[in-house]
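Structural characterization, general
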Amino acid sequence: MMKTWKRVGIAAGLSLSLVLAACGAEEDEDTTEEASEETEENVADEGSEDEAAGNVGEEVDYTITGIDAGAGVMAAAEQALEDYELEDWSVQPSSSAAMTSALDDAIANEEPIIVTGWNPHWKFAVHDLKYFEDPEGSFGEAEDIHTLVRNGLEEDMPEAYQVLDNFHWEGEDMEEVMLEVNEGTEPEEAARTWVDDNEDMVSEWTDGVEEVDGEQITLAFVAWDSEIASTNVVATVLSDLGYEVETNSMEAPIMFGAVAENEADAMVAAWLPATHEQYYNDYEGEFEDLGANLEGAKIGLVVPEYVEADSIEDLQQ
């Protein structure tokens, strides 16, 4: 009997081992199948992302919607096409108003669009947008907006010079004015409202400044939403001090030339060090730079959040 039970035990042990081995083989097979499925899914996801990025180019006709041709952001966009070898792409000049109108229309129809963008700007307050990542650094780092005045302004108009030298605000302040203008308020009225609502900040700009009696001063600006806002706010403050203020809109290179050649007294619209670098260098020494009136401005390529591409590199697909 002992021998019989041993044989049964051995047989049972062998059967159990075979069963366990079979289970292990099944588990290994299942694990292999799962890993294979995960790999296939990952490849499919990557393929979908590549396809989505490729579709963006087709759907926007390989075109970036820009603003006026003389803007620094346009030069940076052209540089990006070169840096990322986007040979089939082009940057279409238009205007700030035309660009934002095209952006509004695309978002209303949930269509892809790529625009030259910057902030501060009201569009970030009303739309869900993102900047494309820029690993090559075509658009540079964050910028500051500077106040430039003609040589001799301090001697001729010390009160205006002091206000311009003191003028400094934040992006959120500028966007308040821009948003009001975008919603249909006249720039002068939007600036008036902001000045009245921010007496503490304005008092810092005008601290110790005496009123004048009708002296004329001319401010130059480029017709971007941001510069329309800042120029009208400064014009309102100077007007409250007794100045007769004239504001003249012009292209960026002409704006720099106007201040350098004493055809305008000042501007609060110089984006540095990159956007207006060329014009700044062309006239350097022929104006006085009072420093930044707003810090941390940014330029780049902007798209609605629903666009699946995240980087300028994705446009290479």
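Described below are features of the structure shown in this document. Since we're looking at a predicted model, the values are computed, not measured. (Residues numbered from 1 in each chain as written. Predicted model: local features only at pLDDT ≥ 70, side-chain atom pairs only at ≥ 80, totals over all residues. Heavy atoms only, no water.)

**As for the overall build of the protein chain**
Helix and strand counts for the protein chain come out as 12 helices and nine strands. Every one of the 317 residues in the protein chain was classed for burial, and the buried ones make up 44%. Pairs at least 24 apart in sequence give 82% of the contacts found in the protein chain among residues at least 6 apart. Roughly 16300 Å² of accessible area belongs to the protein chain as shown, and the carbon and sulfur atoms make up 43% of that amount. (Helix = DSSP H or I, 4+ residues; strand = E, 2+ residues; numbered from the N terminus. Buried < 20%, exposed > 50% of the residue type's maximum accessible area, 1.4 Å probe, protein only. Contact = heavy atoms within 4.5 Å. Areas by Shrake-Rupley, 256 points an atom, 1.4 Å probe, with all protein chains shown as cover.)

**A short note on the packing of aromatic side chains**
Enumeration over the complete set of coordinates arrives at 11 aromatic pairs. Relative to Trp194, the ring of Trp169 lies with its centre 5.2 Å away and its plane at 85°, an arrangement referred to as edge-to-face. Within this pair, whereas Trp169 is found in the loop between α6 (158-166) and α7 (171-182), its partner Trp194 is found in helix α8 (residues 187-197), the two being separated by 25 residues in sequence. Here Tyr280 and Phe287 contribute two aromatic rings whose centre-to-centre distance is 5.1 Å and whose plane-to-plane angle is 65°, an arrangement assigned as edge-to-face. Across the pair, Phe287 and Tyr280 agree in class, each one buried. Taken together, the aromatic side chains of Phe167, Trp169, Trp194 and Trp205 make up a single cluster linked through ring pairs. Above the face of the Trp118 ring, Lys123 is positioned so that its terminal group lies 4.6 Å from the ring centre. One cation-aromatic arrangement involves Lys298 over Tyr131; the distance from NZ or CZ to the ring centre is 4.2 Å. (Phe/Tyr/Trp six-rings, centres within 6.5 Å; stacked < 30°, edge-to-face > 60°. Lys NZ or Arg CZ within 6 Å of the ring centre and 35° of its normal.)

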